[in-house]
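Tertiary structure, described
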Amino acid sequence: MQFKTLFAAGAALMVTTAISTAALAQEKVLRIGMTAADIPRTHGQPDQGFEGNRFTGIPMYDGLTNWDLSSADKASVVVPGLATEWAVNEADKTKWTFKLRPGVKFQDGSPFNADAVVWNVEKVLKKEAAHFAADQVGVTVSRMPTLREAKKIDDLTVELITSEPDSFLPINLTNLFMASPTHWAAKLAAVPATVTDPAERAKQAWLAFAGDPSGTGPFKGVKLTPRERFEMTANKAYWDPKRVPKVDRVVLLPLPDANARTAALLSGQVDWIEAPAPDALPQIKARNFVMYANPQPHVWPWQLSFAEGSPWLDKRVRQAANLCINREELKTLLNGLMGVPKGTVSPDHPWWGNPSFDIKYDPAAAKKMMTEAGFSAAKPVKVKVQTSASGSGQMQPIPMNEFVQQSLKECFFDVELDVIEWNTLFTNWRKGAKDESARGAHAINVTYATMDPFFAMVRFTSTKAFPPTSNNWGYFGNAEFDGLIATARTTFDPAARDKALAALHKRIVEEAPFVWVAHDVGPRAMSAKVKGVVQPKSWFIDIAPMSVD
């Protein structure tokens, strides 16, 4: 299988994305080519998957908790953000107390305090709130499904309440970014009085806020052109001295085609691209651009449907698909830019659990399983897979899916690919296999991060995470898995929780609700003039410490 010729889609880019103004020429500017087809939402709860968090969430906003992205050698962990400390109530473990960082201001100059936390929780949980943002609910609540309420204790203390004891909450809160209530109120006041419907007034205020956002982060959004460009400037008053930006301006450009991204880098139109075209790596390196890649907590899978009539209801078929893919060959096609998975996490991870089913390349065993299940070359099983042409973490989705399609053909699978736009696919992921948006698909190809237990495992195996609550698209789950999850979720000692999570991972691999195809290595190519780059063992990366010579 061959990847497309490098410059096939890049020619038109040169005029539309060039930065040529005299003003920008005097600044230290970092220009980034994203895989997304559009600018991720800028109002504080990004879309476009976790690429949105990476490029419009983390740079402009903070959560109560943040990810430590400062090390290239150690796994990223959760650290204090806008909260300096937190603790669960020992008498009632549905209640958490968070102490807030004093002296922090939003970029509009208004104070960050407990009222702001309550306001930001209510923007996605309280439908009757004047600032309720319906379009922010899906990308937020599905990532922290047990959060129910926030209460102000004093100006620098809040209580968060969950629907059940949930030891994962501090990790999940890295996804709730704090936007400025004062700045939003000013946008609401500017909505014409002729607009009387409260929901429409809130919608228009959020739209105005997205064009002129205000968070507490190291960068401030200053110019948004949807589908074309977003610019951020340095917030020199940022509260964390270690993350005060060293560049003056960051420019984000959506470039969903890998060849177009690579052409933009090689022509000098951008300084940094995500997921370069694999067949261009020799040219990228020969031109003295720097490649960054390392093992990432990020999986490239097919997530399987367990809806009535799905061909994946037979475990033999699920396991056979996992045994029929030559991942080392795929890795060669990707020029080494992937990891070979043994499950959701690797065997050296504390959540491994030593599953009895070994994910490997064994086509003979796969064919035997398929024959026992009643399939053959003359009678293949038909499966339809919904995927995207690009997107956050999707790596090289078309050639990778075509490789899997051809691999599985040898094991009596007749695979149909349904290719749709990335953000639509991501939305469909929450609607589920039974929804009409699935268009009859038996699997969905959406990559996912595995930094925390909920994201790695719980949202795909809990019956409480069935659509539209979270991302259990395939409706996989039963009492056994709910019990394993409950044990892990209600265990607050880290070592004991790891043991419980290992038991969960063991059973997930054995039941194979996924076809695990690859682990991402987060490949990005940058100009040598970009300094201070730390490629963390995380799906995210921190722009703030970087500089441009």
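Reading guide: rules and limits
- Residues numbered from 1 in each chain as written.
- Predicted model: local features only at pLDDT ≥ 70, side-chain atom pairs only at ≥ 80, totals over all residues.
- Heavy atoms only, no water.
- Helix = DSSP H or I, 4+ residues; strand = E, 2+ residues; numbered from the N terminus.
- Rg over C-alpha atoms; globule rule 2.2 N^0.38 Å.
- Buried < 20%, exposed > 50% of the residue type's maximum accessible area, 1.4 Å probe, protein only.
- Contact = heavy atoms within 4.5 Å.
- Areas by Shrake-Rupley, 256 points an atom, 1.4 Å probe, with all protein chains shown as cover.
- Lys, Arg positive; Asp, Glu negative; His and termini not counted.
- Charge placed at Lys NZ, Arg CZ, Asp CG, Glu CD.
- Core = buried A, V, L, I, M, F, W, Y, C linked by side-chain atoms within 4.5 Å.
- Pairing = 2+ DSSP bridges.
- Axes fitted to C-alpha atoms, helices over the stretch in contact; angles between N-to-C directions.
- Parallel < 35°, antiparallel > 145°, perpendicular 65-115°, else oblique.
- Nonpolar A, V, L, I, M, F, W, Y, C, P; charged D, E, K, R; others polar.
- Phe/Tyr/Trp six-rings, centres within 6.5 Å; stacked < 30°, edge-to-face > 60°.
- Polar contact = N/O pair within 3.5 Å; in protein donor to acceptor, adjacent residues only side chain to side chain.
- Arc of directions from axis to C-beta.

Let us look at the overall build of the protein chain. Along the backbone of the protein chain there are 18 helices and 21 strands. Radius of gyration (C-alpha) of the protein chain: 23 Å, near the 24 Å computed for a compact globule of 549 residues. Overall size of the protein chain, expressed as C-alpha extent along the three principal axes, is 70 × 60 × 50 Å. Looking at the 549 residues of the protein chain, the share that counts as buried comes to 60%. If you take every contact in the protein chain between residues at least 6 apart in sequence, the share linking residues at least 24 apart comes to 70%. Looking at the protein chain as shown, the accessible area adds up to about 20,700 Å², and 54% of this sits on carbon and sulfur atoms. Averaging the locations of the 61 positively and 58 negatively charged side chains of the protein chain gives two centres separated by 2 Å.

Time to look at the nonpolar core. Membership of the largest hydrophobic core comes to 116 residues, with the highest contact counts inside it found for Trp-302 and Phe-413. Sorting elements by how many residues they give to this core places helix H16 (residues 453-461) first, with six residues.

What follows covers the pairing of strand E1 (residues 29-34). For E1, the buried fraction is high: six of the six residues fall into the buried class. Of the two faces of E1, the one carrying Val-29, Arg-31 and Gly-33 and the one carrying Leu-30, Ile-32 and Met-34 are both buried. Bridging between E1 and strand E10 (residues 249-254) involves six bridges; their strand directions are parallel. Directly across from Gly-33, in E10, lies its bridge partner Leu-253. Alignment of E1 against strand E11 (residues 272-274), held across two bridges, turns out to be parallel. The residue of E11 that forms the bridge with Ile-32 is Trp-272.

On to helix H11 (residues 315-323), then. Taking burial as the measure, the nine residues of H11 include seven buried ones, the bulk of the element. Regarding H11, the residues found buried are Val-317, Arg-318, Gln-319, Ala-320, Ala-321, Asn-322 and Leu-323.

To continue, consider the packing of helix H4 (residues 114-125) against helix H5 (residues 134-141). Helix packing geometry: the angle between the two helix axes and the distance between the axes. At their nearest, the axes of H4 and H5 sit 7 Å apart, and the two run at 100° to each other. Classified by the interaxial angle, the pair formed by H4 and H5 is roughly perpendicular. Between H4 and H5, the residues in contact are Lys-123, Val-124 and Leu-125 and Gln-136, Val-137, Thr-140 and Val-141, respectively. Of the residues assigned to the contact of H4 with H5, the class counts are four nonpolar, two polar and one charged.

Turning our attention to the environment of His-298. Assignment of secondary structure puts His-298 in strand E13 (residues 298-304). The class for His-298 is buried, based on a relative accessible area of 3%. Taking C-alpha positions, His-298 is 8.0 Å from Val-521, a pair spaced 223 residues apart along the chain.

Spatial ordering of the open sheet is given by E8-E9-E10-E1-E11-E19-E12, a layout of seven strands whose pairing is mixed. Strand pairing shows two members of the sheet lacking a second neighbour, strand E8 (219-225) and strand E12 (290-292), which therefore form its edges. Across the sheet, the axes of successive neighbouring strands diverge by a mean angle of 20°, strand direction being ignored. Pairing of E8 with strand E9 (residues 229-234), which is carried by six bridges, proceeds in the antiparallel orientation. The residue bridging Phe-219 from the neighbouring strand is Ala-234, located in E9. Against the sheet, helix H3 (residues 50-57) contacts E1, E9, E10, E11 and strand E19 (524-526), and its axis sits at roughly 160° relative to E11.

Now for the packing of aromatic side chains. With the rule as written, the count across this model stands at 25 aromatic pairs. Aromatic side chains Trp-422 and Phe-426 sit 5.4 Å apart centroid to centroid with 55° between the ring planes, which places their arrangement in the tilted category. Taken as a pair, Trp-422 and Phe-426 lie in helix H15 (residues 422-431) at a separation of four residues, close to a single helical turn. Owing to a relative accessible area of 3%, Trp-422 belongs among the buried residues under this scheme. Taken together, Trp-422, Phe-426, Trp-429, Tyr-448, Phe-460, Phe-514 and Trp-516 form an aromatic cluster joined through their ring pairs.

Time to look at the environment of Thr-35. Along the chain, Thr-35 falls in the loop between E1 and H3. In this structure the C-alpha to C-alpha distance between Thr-35 and Ala-389, which are 354 residues apart in sequence, comes to 10.0 Å. Not counting the four nearest positions on each side in its chain, Thr-35 is found in contact with Glu-51, Leu-255, Pro-256, Arg-261, Glu-274, Ala-275, Ser-390, Gly-391 and Ser-392. Of the polar contacts made by the side chain of Thr-35, one reaches the backbone nitrogen of Ser-392; its length is 3.5 Å.

Now for the sheet that holds strand E6 (residues 147-154). Pairing in this open sheet of four strands is antiparallel, and the strands run E4-E5-E7-E6 from one edge to the other. Each of the sheet's edge strands pairs with one partner strand only, and the pair in question is strand E4 (83-88) and E6. For this sheet the average axis-to-axis angle between neighbouring strands, irrespective of direction, equals 20°. With respect to the sheet, H4 is in contact with strand E5 (95-100), E6 and strand E7 (157-162), its orientation differing from that of E6 by roughly 165°.

On to unusual backbone geometry, then. Apart from glycine, the bulk of residues carry a negative phi angle, and the bulk of peptide bonds sit in the trans form. Residues Pro-467 and Pro-468 are joined by a peptide bond in cis, for which omega reads 5°. Tracing the backbone shows Pro-468 in the loop between H16 and helix H17 (479-489). For Ala-275, which is not glycine, the phi dihedral falls at a positive 45°. Following the sequence through the fold, Ala-275 ends up in the loop between E11 and helix H10 (281-286). Notably, Asn-354 is not glycine yet its phi reads approximately 55°, a positive angle. One can find Asn-354 in the loop between helix H12 (327-333) and helix H13 (363-372).

Turning to helix H7 (residues 181-189), a few remarks are in order. If you check which residues of H7 are buried, you get Pro-181, His-183, Trp-184, Lys-187 and Leu-188. Viewed end-on, H7 has its buried residues packed into an arc of 160°, placing them on one side of the element. Along its buried surface, H7 packs onto H4 and helix H8 (198-211).

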